[in-house]
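Each chain, written out:
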Amino acid sequence: MVVGTPQSLSLSDVACFILEHEMFGAPFGVKEMGYPHIQVKDATAGPPGSGTAVITFEFEVATKLTNSFKTLHGGAAATIVDNFSSLSLMAFEAWSAYQAGSDNASVSMTTSAHLSVEYVAAGKMGSKICIACSIDRSGRRLAFLGAEMYQEGAGKNGHNMLITKARHMKNVLDTQLQIPAKAVLRYVEKSAKRAATSKL
């Protein structure tokens, strides 16, 4: 028996479910660009009705993600931005449906219309990198997303060091993916049990 209601699910719960689910595989088969190498760090929705949210992920710059200078490859960075800003949009759309009382979220599939990435600093191999993905505005046909990669405490005076800054515009398609709330609630239960067992 599944305990809880759709409204009890947090945005982080939904993002973790999608990240770990088989529907969201690592791009190009590069496991370092998928779970468990990339994990949800934090998730915050904006004020009710604002249609905004920020979901932050964290990953380590593995060897396979680096260039000849042993820093995060620009192509890998762009792919991570593409995938995880898209995942954030899916998670926010599903979570919003659950908050509205739906037992089954219909999440729109999307394609990229525009993706731009500014490369500000190098992400060194072995370093922990965060990527904060923002849903800035989402309509029936277009979604406007942002993403910033940074290294915590690596900047001047202990501030975060910005690595990339990106903008991502997506076409919202009529095709939809169904994500039942029961599946997410079941995932949350299992995750809680795993966490409790690991503490024993």
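What counts and how
Residues numbered from 1 in each chain as written. Predicted model: local features only at pLDDT ≥ 70, side-chain atom pairs only at ≥ 80, totals over all residues. Heavy atoms only, no water. Salt bridge = Lys/Arg side-chain N within 4 Å of Asp/Glu carboxyl O. Helix = DSSP H or I, 4+ residues; strand = E, 2+ residues; numbered from the N terminus. Buried < 20%, exposed > 50% of the residue type's maximum accessible area, 1.4 Å probe, protein only. Core = buried A, V, L, I, M, F, W, Y, C linked by side-chain atoms within 4.5 Å. Contact = heavy atoms within 4.5 Å. Axes fitted to C-alpha atoms, helices over the stretch in contact; angles between N-to-C directions. Parallel < 35°, antiparallel > 145°, perpendicular 65-115°, else oblique. Left-handed = near helix turned anticlockwise from the far one by under 90°. Nonpolar A, V, L, I, M, F, W, Y, C, P; charged D, E, K, R; others polar.

Enquirer: Where do I start with the pattern of salt bridges in this structure?
Expert: When charged atoms on two side chains of opposite charge get close, those side chains can pair. For the structure shown, the criterion picks out 5 salt bridges. The closest approach of N and O atoms between Arg-167 and Asp-136, which form a salt bridge, is 2.9 Å. In this pair, Arg-167 sits in strand S6 (residues 161-180) while Asp-136 sits in strand S4 (residues 128-138), placing the two residues 31 residues apart along the sequence. With a shortest N-O distance of 2.5 Å, Glu-148 and Lys-165 are connected by a salt bridge. Here Lys-165 lies in strand S6 and Glu-148 lies in strand S5 (residues 142-151), a separation of 17 residues in the sequence. Relative accessible area serves as the criterion here: at 30%, Glu-148 is assigned to the partly exposed category. By relative accessible area, Lys-165 is classed as partly exposed at 38%.

Enquirer: What's the story with the nonpolar core in this structure? I'm lost.
Expert: A general tendency of soluble globular proteins is for nonpolar side chains to be buried together. By size, the foremost hydrophobic cluster in this structure holds 51 residues, and its most contacted members are Phe-59 and Met-149. Broken down by element, the residue count for this core peaks at 13 residues, all from helix H2 (residues 74-99). Once you skip the residues sitting within four places of it in the chain, Phe-59 turns out to touch His-37, Ile-38, Leu-65, Leu-72, Ile-80, Ser-127, Lys-128, Ile-129, Ile-131 and Met-149.

Enquirer: Explain the packing of helix H1 (residues 11-20) against H2 here, please?
Expert: Each pair of packed helices can be described by the angle between their axes along with the distance between the axes. Two elements in contact, H1 and H2, have axes separated by 9 Å at closest approach and are oriented at 130°. It follows from the interaxial angle that H1 and H2 lie oblique. The handedness of the crossing between H1 and H2 comes out as right-handed. Contact residues: H1 offers Leu-11, Val-14, Ala-15, Ile-18 and Leu-19, while H2 offers Phe-84, Leu-87, Met-90, Ala-91, Phe-92, Ala-94, Trp-95 and Tyr-98. For the contact of H1 with H2, the per-class residue count stands at 13 nonpolar, no polar and no charged.

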